[in-house]
Amino acid sequence: MKEMEPLFKPRSVAVVGASRHPGKIGYAVVKNLIASKYEGKIYPVNPKADEILGLKAYPTVSSIPGEVDMVVVVVPAQFVPEVIEDAGKKGAKVAVIITSGFKEIGRADLEEEVVRRARKYGMRVLGPNIFGIVYTPVKLNATFGPSDVIEGSVGFITQSGALGIALMGMTIVEKIGVSTIVSIGNKSDIDDADLLNYLKDDEETKVVLIYLEGVTDGKKFMEAAQNFTLRKPLIVIKAGKTAAGAKAVASHTGSLAGNVAVYSTLFKETGILEASTVEEAFDWARAFSYLPQYEGGQLVIVTNGGGAGVLATDVLAENGISLKTPPEPLVNELRPKLPGFASLKNPIDVTGMISSEGYVEAVSAALRSEGVGAVLALYCETAVTNPEDIAEGLIKEVNEMGGLKKPLTVALIGGRKSYNAVEMLNNARIPAYPMPERAASAMAAVINYVEARERVRLRLQELGNS
Ligand code: COA
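On a predicted model such as this, the values are computed, not experimentally measured, just so you know.

What to know about the site of the ligand
Point 1. Within the structure, the ligand sits among 23 residues, and Ser-19, Arg-20, Lys-24, Ile-98 and Ser-100 are positioned closest to it.
Point 2. Residue Ser-19 places a side-chain N or O atom 2.6 Å away from an oxygen atom belonging to the ligand.
Point 3. Contact with the protein chains covers 75% of the free accessible surface of the ligand, which is 960 Å².
Point 4. For the ligand, the cavity whose grid points lie within 2 Å of the majority of its atoms is the largest pocket.
Point 5. For the shell around the ligand, a count of residues per class yields twelve nonpolar, eight polar and three charged.

Right, dumping it as structure tokens:
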């Protein structure tokens, strides 16, 4: 979709309302563009300044000598229409309007005026009432959020600004690499569907996560979502599910939160994976971004603690995944290496007396076993093992295999060393979590996505044939 290209890959960015004063949003945006080492040209626009953060400033967009692809607007709401007019005349292709004070406070008229002026010049509008956009492949950080986002393959679209900025920070702490972070706020023009249509073909994005309050054009969203899920997983956190939540949504971004049942049906039909919490959504996104696709075959749990296995089994069952007896060659390989009281059903309980090496060996055997399509490794910290050794061992095994060939999620449950081990695994791109339910839920999402995609494909095929 060529039209959206300047939003993600602008060759130049003008910041209108670039401020001389640290602490102002217009200053932070320019600072972030510089700090992220944005590859294009940066033009601060401020009639009162000659220079901002070492860059020459211009009084208006139209006075900039070179071409301008993107304008980031950070001036008070009443000045936005004239800024858009000037940027339109200059030939800017997209306006990223950070400014608040439009539909969300009852000024739909001002918002419509802005969009009308932009359309006149064929310019697209992101926002208003947003924190900006990040696209790491071209090192674009046109936001007033954190400057040190980690590059990766998760695309994150958020209708909430402040929460979005906070989650942007969380991706850094949680070491979730992102390809893009888009704040869409009031969605006066560019909406989720436009972004999905672009990102489905974006090679840098493997999975998209949306924080969604409401959809304005249901049909457009549905079409974009199903086309997207045919290619890549789409995770949605739907906010405003209760009557009270819906009321809060209306005064937040001016969207209609809609009927819960309608959204649930929409999500199911389009293959969307609905996460119930932010934590869950990020857990899933991490798994999708690190793992190869699930290609079928049974899921095997390897655990050194029966309880962890039971908790994980419950979560899988709640997500429609049942466990079958492990393949016989795997059972035969493991039996002589395990105590007589070990259970070789599924979950495979290697028992609490297993050594670190023994545990790694069992997980590795499951990963190598034909007929096993995915492995969920659960480990409870004991005094006879060291979680950091386990993480190191698993990383070594996976490297020796030439990387993961099938999905693996890991939970290491315990104290400080277990937390370190979780971090070690995540750094090595093996999705790891501190709780068995979280590893199980991420694995369920990975498996269920493939089924959801197949359902969408068949439904569309039927519709095409009817
Ligand atoms: N063209 C270029 N620059 C202009 C201008 C214009 N037409 N009009 C004003 N400016 C300059 C100002 O001189 C100022 O620069 P300075 O600090 O060097 O003097 C800068 O632009 C900003 O203008 P100012 O009037 O100081 O506004 P502000 O920084 O106090 O507020 C917004 C501007 C956009 C940040 C504010 O109106 C707003 O909407 N805040 C909420 C943003 C938000 O939360 N968005 C949602 C996030 S999730």
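That shown, we press on.
Structural notes on empty space enclosed by the protein
Empty space among the atoms becomes apparent when a probe as large as a water molecule is rolled across them.
Point 1. Applying the stated criterion across every chain yields a total of one cavity of 30 Å³ or more.
Point 2. One number sums up the size of the largest cavity: a volume of about 40 Å³.
Point 3. Forming the walls of the largest cavity are Lys-187, Asp-191, Asp-192, Ala-193, Val-215, Thr-216, Asp-217 and Phe-221.
Point 4. A per-class count over the lining of the largest cavity returns three nonpolar, one polar and four charged.

Describing the packing of aromatic side chains
Point 1. Enumeration over the complete set of coordinates arrives at seven aromatic pairs.
Point 2. Judged by centre distance (5.4 Å) and plane angle (70°), the ring pair of Phe-8 and Tyr-135 falls under edge-to-face. Highlighted residues: Phe-8 in helix 1 (residues 5-8) and Tyr-135 in strand 8 (residues 132-135), separated in sequence by 127 residues.
Point 3. Its relative accessible area of 1% is what places Tyr-135 among the buried residues.

Some thoughts on the sheet that holds strand 19 (residues 432-433)
Point 1. The sheet built from five strands is open, its strands ordered 16-15-17-18-19 with parallel pairing. The open sheet has two edge strands with one neighbour each: strand 16 (348-349) and strand 19.
Point 2. Most of the contacts of helix 11 (residues 306-318) go to strand 15 (residues 298-303), to which it runs at about 155°, and overall it touches strand 15, strand 16, strand 17 (372-380) and strand 18 (408-413).

Topic: the domain arrangement of the chain
Point 1. Domain annotation of the chain identifies domain 1 (1-129), domain 2 (149-290) and domain 3 (294-450).
Point 2. For domain 2 versus domain 3, the distance between C-alpha centres works out to 30 Å.
Point 3. Each partner contributes to the roughly 1,400 Å² buried at the junction of domain 2 and domain 3, and carbon and sulfur atoms together form 56% of this total.
Point 4. Note that Glu-279 is salt-bridged to Arg-438, the shortest N-O span being 3.4 Å.
Point 5. Between the two partners, domain 2 and domain 3, sit ten residue pairs in polar contact (both at pLDDT 80 or more).
Point 6. In terms of residue count, the dominant contributor to the side of domain 2 that touches domain 3 is helix 10 (residues 278-290) (nine residues).
Point 7. Considering only residue class, the side of domain 2 that touches domain 3 consists of seven nonpolar, two polar and seven charged.

Parameters at a glance
- Residues numbered from 1 in each chain as written.
- Predicted model: local features only at pLDDT ≥ 70, side-chain atom pairs only at ≥ 80, totals over all residues.
- Heavy atoms only, no water.
- Near = heavy atom within 4 Å.
- Polar contact = N/O pair within 3.5 Å; in protein donor to acceptor, adjacent residues only side chain to side chain.
- Areas by Shrake-Rupley, 256 points an atom, 1.4 Å probe, with all protein chains shown as cover.
- 1 Å grid on protein atoms, 1.4 Å probe; cavity = no way out; pocket = protein on both sides within 12 Å on 5 of 7 lines; lining within 4 Å.
- Sits in = over half its atoms within 2 Å of the grid points.
- Nonpolar A, V, L, I, M, F, W, Y, C, P; charged D, E, K, R; others polar.
- Points joined across faces, edges and corners; volume = space filled by probe spheres on them.
- Phe/Tyr/Trp six-rings, centres within 6.5 Å; stacked < 30°, edge-to-face > 60°.
- Helix = DSSP H or I, 4+ residues; strand = E, 2+ residues; numbered from the N terminus.
- Buried < 20%, exposed > 50% of the residue type's maximum accessible area, 1.4 Å probe, protein only.
- Pairing = 2+ DSSP bridges.
- Contact = heavy atoms within 4.5 Å.
- Axes fitted to C-alpha atoms, helices over the stretch in contact; angles between N-to-C directions.
- Domains from an automatic or database assignment.
- Buried area = accessible area lost by both parts, 1.4 Å probe.
- Salt bridge = Lys/Arg side-chain N within 4 Å of Asp/Glu carboxyl O.

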